[in-house]
Amino acid sequence: MINFFIGLGFLILTIVLYFFSKKIYSIIPSPVTLPIMITSFTLVMFLIWTDIPYSTYMLGGQWIDHLLGPLVVALALPLFRQRHLIKQYATVIFTGILIGSLVGILSGVFLTLLSGFDDSIIAAIASKSVTTPVALSISDTVGASMSLTAVFVMIAGIGGAMFGPVMWKIGGIKHPIARGLGIGTASHAIGTAKALEDSELAGAVSALSMTISSVIVSMIVPGLLPFLL
Amino acid sequence: MMKFIKIILQISVLFLFNLIGETIQSFFHLTIPGSIIGMLLFFVLLVTKVIPEKLIKDGIDLLIKDMPLFFIPVTVGVIEFLDFFKGKGSFILFITFISTMVVILTTSFIADKLLQKEVGTK
């Protein structure tokens with residue numbers, strides 16, 4: 001019974017902090033003031049300061065496990081809304097995303113492998129370019145740490161949103177479809193927010209790229225990892 | 001009150017498709033997550049208009065708008081890896097960043113070249 005109230009307390013604290021962080025983000029919008037960043041950082045600091053173990057906090061956080069799958073299913077709706085764009089540029093979209101997804105998986109896995117990290121960490125980095133619910137589902141399937149996965153996904157997102165435009169400059173990439181494909185495949189929803197600032201078309205392409213790449217990565221990673229590790 | 005029930009029912013559709021996906025996955029012993037199978041199935045039924053968008057959109061849009069909220073508890077779990085990130089682990093953040101940059105550059109570059117070719121042939 002006491003556990004129920006502790007869980008409920010942390011649940012309410014998390015929700016209140018999240019909506020407060022959204023207010024902060026609306027005043028200072030930046031990839032580093034994203035509500036998930038501010039809320040997670042505040043909660044980590046709070047747990048360290050009060051010396052409360054993560055397992056106690058998670059009494060209220062367990063509900064996420066039951067929502068993960070349905071959240072992945074929800075991604076079908078935004079993808080459905082972009083179906084005309086997918087049809088029109090099918091070859092470019094699928095070639096670009098397939099190559100980009102493979103480059104993301106292989107570069108992440110090989111660089112960590114060469115640096116001598118454990119298999120569980122390598123498995124977590126393999127799905128870093130895809131949107132959080134899918135990355136967590138993949139990590140759940142391959143037995144990687146979900147928390148590490150969430151952190152790698154966040155870095156891929158924030159890194160891409162901050163330095164993606166620099167990469168477009170270096171590569172001389174001007175076409176909004178090419179820009180959206182790159183940032184959506186590498187940096188999921190956080191990158192998509194940045195692509196939307198560039199142009200509406202880049203944002204739309206980035207949004208569909210993040211969903212299509214997450215399907216491709218979830219098909220490749222569980223099958224490929226046993227051969228690499 | 002009616003709106004609230006409608007939203008709950010619309011979100012329940014997502015649970016149903018996830019369940020169908022997971023059933024298919026375990027039945028055929030597939031390695032792809034069941035939720036992805038459910039998502040693809042849902043997508044096909046939307047495209048073929050078996051499920052009209054109007055019928056399900058409000059609840060799903062509401063859920064997608066605040067999706068990051070659901071990932072906070074698992075992200076806070078980084079607290080158990082603080083020692084890892086203080087040491088050698090910090091290097092992995094650098095690897096994540098570099099790999100992300102390479103993905104943006106290659107994907108955008110290939111797409112750009114393909115788009116130029118497409119314009120050229122038309």
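Note that the structure is a prediction, hence the values are computed from the model and not measured. (Residues numbered from 1 in each chain as written. Chains lettered and ligands numbered in written order. Predicted model: local features only at pLDDT ≥ 70, side-chain atom pairs only at ≥ 80, totals over all residues. Heavy atoms only, no water.)

1. Quick notes on the packing of aromatic side chains
Our working rule: Ring geometry is summarised as follows: Phe, Tyr and Trp rings, the Trp one being its six-membered ring, pair when their centres sit within 6.5 Å, and such pairs are stacked at plane angles under 30 degrees, edge-to-face over 60 and tilted between the two. Three labels apply to residues, based on accessible area from a 1.4 Å probe with only protein chains included: buried if under 20% of the type maximum, exposed if over 50%, partly exposed otherwise in between. Both a distance and an angle decide whether a charge sits over a ring: NZ of Lys or CZ of Arg must be within 6 Å of the ring centre and within 35 degrees of the ring normal.
Tallied over the entire structure, the rule returns 10 aromatic pairs over all chains. Taking 5.1 Å as the distance between ring centres and 85° as the angle between the ring planes, the aromatic pair formed by Y18 of chain A and F19 of chain A counts as edge-to-face. In this structure F19 of chain A comes out as partly exposed when scored by relative accessible area, which is 38%. With 5.0 Å between their ring centres and 85° between their planes, F27 of chain B and F28 of chain B make a pair best called edge-to-face. The exposure class of F28 of chain B is exposed, given its relative accessible area of 51%. Ring-pair connections join several aromatic residues into one group, and the members of that group are F10, Y54 and Y57 of chain A. Positioned over the ring face of F80 of chain A is R83 of chain A, at 4.0 Å from the centre of the ring. Here the basic side chain of K88 of chain B rests over the ring of F117 of chain A, its NZ or CZ set 4.6 Å away from the ring centre.

2. Thoughts on the nonpolar core
For the record, the criterion: Residues belong to one nonpolar core when they are buried, are Ala, Val, Leu, Ile, Met, Phe, Trp, Tyr or Cys, and are joined through side-chain atoms within 4.5 Å. In this text, helices come from DSSP runs of H or I with a minimum length of four residues, and strands from runs of E with a minimum of two, each type numbered from the N-terminal end. Here, two residues are considered to be in contact whenever any of their heavy atoms come within 4.5 Å of each other.
With 107 residues, the main nonpolar core has Y57 of chain A together with F42 and F71 of chain B as its most contacted residues. Considering every element that reaches this core, the biggest residue donor is helix α12 (residues 200–228) of chain A, with 12 residues. If near-sequence neighbours (up to four positions away) are discounted, F42 of chain B is found in contact with V73 and A76 of chain A together with V13, L14, F17, I51, I56 and I60 of chain B.

3. Some thoughts on the interface of chain B and chain A
Note the following rule: Just to be clear on terms, a salt bridge is a Lys or Arg side-chain nitrogen sitting within 4 Å of an Asp or Glu carboxyl oxygen. Here a polar contact is taken to be a pair of N or O atoms separated by no more than 3.5 Å, where protein atoms must pair a possible hydrogen donor with a possible acceptor and residues adjacent in sequence count only if both atoms sit in side chains. In this count, Pro and Cys sit with the nonpolar residues alongside Ala, Val, Leu, Ile, Met, Phe, Trp and Tyr, while Asp, Glu, Lys and Arg are called charged and the others, Gly among them, polar.
Contacts between the two partners involve 68 residues from chain B and, on the opposite side, 98 residues from chain A. Inspection of the region where chain B meets chain A yields 3 salt bridges. A salt bridge links E53 of chain B to R81 of chain A; the nearest nitrogen and oxygen atoms lie 2.6 Å apart. Summed over the shared surface of chain B and chain A, the result is 12 residue pairs in polar contact (both at pLDDT 80 or more). Counting residues per element, the ones that place at least two in the side of chain B that touches chain A are α1 (2–28), α2 (34–47), α3 (53–65), α4 (72–76), α5 (82–86) and α6 (90–121) of chain B. A total of 23 residues in the side of chain B that touches chain A trace back to one element, the largest contributor, which is α6 of chain B. Residues that form the side of chain B that touches chain A fall into these classes: 46 nonpolar, 13 polar and 9 charged.

4. Quick notes on the environment of G38 of chain B
Positionally, G38 of chain B belongs in helix α2. Taking the C-alpha atoms as reference, G38 of chain B lies 9.5 Å from Q25 of chain B; in sequence the two are 13 residues apart. Excluding anything up to four places from it in sequence, G38 of chain B contacts V73 of chain A together with F17 and G21 of chain B.

5. Looking at the packing of helix α9 (residues 132–142) of chain A against helix α10 (residues 146–171) of chain A
Residues and elements named next belong to chain A. Our working rule: Axes here refer to lines fitted to C-alpha atoms; in helices the fit is confined to the stretch in contact. Angles between the N-to-C directions go from 0 to 180 degrees. Handedness of each helix crossing follows the sense of rotation of the near helix against the far helix: counterclockwise by less than a right angle gives left-handed, clockwise gives right-handed.
Look at α9 against α10: their axes get within 9 Å of each other, and the N-to-C directions meet at 145°. For the pair α9 and α10, the crossing hand works out as right-handed. Side by side, α9 and α10 meet where T132, A135, L136, S139 and D140 of the first sit next to M146, T149, A150 and V153 of the second. Classifying every residue of the contact of α9 with α10 gives 5 nonpolar, 3 polar and 1 charged.

6. Examining the domain arrangement of chain A
All names here are of chain A. Defined as follows: Marked domain ranges trace back to an automatic or database domain assignment. Note: buried area is the sum, over both parts, of the accessible area (probe 1.4 Å) each one loses when the two are combined.
Partitioning chain A into domains gives domain 1 (2–62) and domain 2 (76–228). For domain 1 and domain 2, the distance between their C-alpha centroids amounts to 26 Å. At the interface, 6 residues of domain 1 touch 6 residues of domain 2. Summing both sides of the interface, domain 1 and domain 2 together bury roughly 470 Å²; the carbon and sulfur share of this comes to 88%. Of all residues in domain 1, the largest losses of buried area upon contact with domain 2 belong to P31, L34 and M37, amounting jointly to 64% of the total for that side. On inspection of domain 1 and its partner domain 2, the count reaches 0 salt bridges. Scanning the region where domain 1 abuts domain 2 turns up 0 residue pairs in polar contact (both at pLDDT 80 or more). Split into classes, the residues belonging to the side of domain 1 that touches domain 2 amount to 6 nonpolar, no polar and no charged.

7. Considerations on the UniProt feature "transmembrane region" (unreviewed entry) in chain A
Residue and element names in this part refer to chain A. Selection criterion: UniProt positions are given in the numbering used here, feature names are shortened, and annotations may be inferred rather than shown by experiment.
UniProt annotation of "transmembrane region" (unreviewed entry) refers to residues 6–25, 32–50, 62–80, 92–114, 150–168 and 204–228 when read in the numbering used here. End C-alpha to end C-alpha, residues 6–25 measures 28 Å, and it is 100% helix and 0% strand. End C-alpha atoms of residues 92–114 are separated by 32 Å, and the span's content is 100% helix alongside 0% strand.

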